[in-house]
Amino acid sequence: MIEIIVNGKRTTIPNGLNIKETIKALDYKGKGFAVALNGTFIALATYETTMVRDNDSIEILAPVQGG
Amino acid sequence: MTKHIETEIDSWEIGGKTLQSRLLIGSALYPSPANMEEAIKISGAQIVTVSLRRQAAGEGGGNAFWEIIRSLGIDVLPNTAGSHSAKEAITTAQMAREVFGTNWIKLEVIGDQYTLQPDPFETVKAAEVLIKEGFEVFPYTTDDLVVAKRLADVGCKIIMPWGSMIGSGKGLMNPDNLLAIRKQFPNLQLVVDAGIGKPSHATQAMELGYDGVLLNSAIALAQDPVKMADAFRTAVEAGRLGYEAGMMQEREFASPSTPTVGTPFWHQFS
């Protein structure tokens, strides 16, 4: 297991997962969100080729109201 | 209602789109989603601002808010609200492009947490990167002419100076500054963004020759947001018509409007 930060909160996931697998392991569903890894945007097309490592920080953002 | 004179349908271009409404509306702070939907419809706005925030695990990707906005069939303008650096704003913009399916971005980089005043240095830096990446950048900035120049220099075709602090409702703090930007950039699309509190503020911005007005709190926090949305729709139209009609020059002294020839009981003072 490795420790990562997801939306500001520490959690653990199995080692060796890519972004797509990480999202599934974290129980995120659907497609209406976007992902950043360590402050860098990760495009949907690169989820499977981007690996998540120990101490990585992930942001998962979805649409909300805005001004 | 008195029927106004027949004029050509006013239209303008921004971000590659031709629009009839010059009111850009926010989607936050309404009493309810239904109220937001009705207010946006009544406002006639064809651009609505949206944002991105952290999503909790276990939630579906779609959400009720986004479904309502999509059902309106108008253009969305995602913002980078909450960003405090060019890097954060750039990443948020890239994420917004994927989620909302648009290259439009309302660039907000906050430099002071108390006034929510934009950071001009980071805003210009982010704008330059985003434009190179193919974004249509709608930068939120102060009413500083030099900052506007820098934004234009890096390729911004739209500039959105504040009227006053976000959510303050204070109106146009420095109309002379806004006018100076308008005069300096006759060919850029200029939108007053933030600080509008009353319909008359929106009218004033349009009378200055601004191409549009972006606001949220003034409508959403009104006692009756739907009625206020209607008020802003007409206020923006009035201001634009006034600008196009050409306003009289201010004068230093009184000048009678009633003809003086044949004034009754008149006699020459000795």
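The shown structure was predicted, so the numbers you read here are calculated from the model rather than taken from an experiment. (Residues numbered from 1 in each chain as written. Chains lettered and ligands numbered in written order. Predicted model: local features only at pLDDT ≥ 70, side-chain atom pairs only at ≥ 80, totals over all residues. Heavy atoms only, no water.)

A short note on the pairing of strand β9 (residues 189-193) of chain B
Residues and elements named next belong to chain B. Counting buried residues in β9 gives five out of five residues, a clear majority hidden from the surface. Side-chain alternation along β9 places Gln189, Val191 and Asp193 on one buried face and Leu190 and Val192 on a second face that is also buried. Judged from the two bridges that link them, strand β8 (residues 158-161) and β9 form a sheet pairing that is parallel. Bridge pairing in β9 links Ile159 to Leu190. Crossover connection from β8 via helix α6 (residues 175-184) to parallel β9: handedness right-handed. Across three bridges, the pairing between β9 and strand β10 (residues 212-215) is parallel. Its bridge partner lying in β10, Val192 is registered against Val213. You can see the chain leave β9, run along helix α7 (residues 199-207) and come back into β10, and the turn it takes is right-handed. (Buried < 20%, exposed > 50% of the residue type's maximum accessible area, 1.4 Å probe, protein only. Helix = DSSP H or I, 4+ residues; strand = E, 2+ residues; numbered from the N terminus. Pairing = 2+ DSSP bridges. Right-handed = clockwise from strand over helix to strand, strands pointing away.)

So, the confidence of the model for chain B
Residues at a pLDDT of 70 or more form 96% of chain B, whose mean pLDDT is 94. Across the interfaces of the predicted complex, the ipTM metric reaches 0.97, alongside a pTM of 0.93. (pLDDT = per-residue confidence, 0-100.)

A look at the interface of chain B and chain A
Tallying the contact residues gives 30 residues for chain B and 29 residues for chain A. In this assembly, chain B packs against chain A so that about 2300 Å² is buried in total across both faces, 58% of it on carbon and sulfur atoms. Where chain B touches chain A, the interface holds one salt bridge. In this structure, the connection of chain B to chain A is made through 17 residue pairs in polar contact (both at pLDDT 80 or more). Breaking the side of chain B that touches chain A down by element, the ones donating at least two residues are β4 (47-54), α2 (64-72) and α3 (86-100) of chain B. By residue number, the principal contributor to the side of chain B that touches chain A is α3(B), which donates seven residues. Of the residues belonging to the side of chain B that touches chain A, the class tally is 10 nonpolar, 13 polar and seven charged. (Contact = heavy atoms within 4.5 Å. Buried area = accessible area lost by both parts, 1.4 Å probe. Salt bridge = Lys/Arg side-chain N within 4 Å of Asp/Glu carboxyl O. Polar contact = N/O pair within 3.5 Å; in protein donor to acceptor, adjacent residues only side chain to side chain. Nonpolar A, V, L, I, M, F, W, Y, C, P; charged D, E, K, R; others polar.)

Quick look at the packing of helix α4 (residues 120-132) of chain B against helix α5 (residues 145-153) of chain B
All names here are of chain B. With their axes 9 Å apart at the nearest point, α4 and α5 run at an angle of 15 degrees to one another. In terms of axis orientation, α4 runs roughly parallel to α5. Taken as a pair, α4 and α5 cross one another with a handedness that is right-handed. Together, Pro120, Thr123, Val124 and Ala127 of α4 and Val147, Arg150 and Leu151 of α5 make up the contact between the two elements. Residue classes in the contact of α4 with α5 are distributed as five nonpolar, one polar and one charged. (Axes fitted to C-alpha atoms, helices over the stretch in contact; angles between N-to-C directions. Parallel < 35°, antiparallel > 145°, perpendicular 65-115°, else oblique. Left-handed = near helix turned anticlockwise from the far one by under 90°.)

Thoughts on the packing of aromatic side chains
Applying the stated criterion across every chain, the model contains three aromatic pairs over all chains. Seen in terms of ring centroids, A:Tyr28 and A:Phe33 are 5.9 Å apart; in terms of plane orientation they differ by 65 degrees. Their pairing is edge-to-face. On the basis of relative accessibility, which here comes to 5%, the residue A:Phe33 falls in the buried class. An angle of 85 degrees between the planes, with centres 4.9 Å apart, marks the rings of B:Trp66 and B:Phe100 as edge-to-face. (Phe/Tyr/Trp six-rings, centres within 6.5 Å; stacked < 30°, edge-to-face > 60°.)

Some remarks on the side chain of B:His201
Residue and element names in this part refer to chain B. Position of His201 relative to the elements: it lies in helix α7. For His201, the side chain forms a polar contact with the main-chain nitrogen of Gly197, separated by 2.9 Å. With residues near it in sequence (within four places) discarded, His201 still touches Gly169, Lys170, Gly171, Leu172, Gly195 and Ile196.

Describing α6(B)
All names here are of chain B. Here α6 has its buried residues at Leu178, Ile181 and Arg182. End-on view of α6: buried residues confined to an arc of 100 degrees, all on one side of the axis. Opposite its buried face, α6 presents the exposed residues Asp176 and Lys183, each directed more than 90 degrees away. Close packing links the buried residues of α6 with α5, β8 and β9. (Arc of directions from axis to C-beta.)

Topic: the pattern of salt bridges
All names here are of chain B. Evaluated as defined, the whole model comprises 17 salt bridges over all chains. Across the pair Lys132 and Glu128 runs a salt bridge whose closest N-O atoms are separated by 3.7 Å. Linking Lys132 with Glu128, this pair stays in helix α4, spanning four residues, or about one helical turn. Residue Arg240 pairs with Glu244 through a salt bridge whose shortest N-O separation is 3.0 Å.

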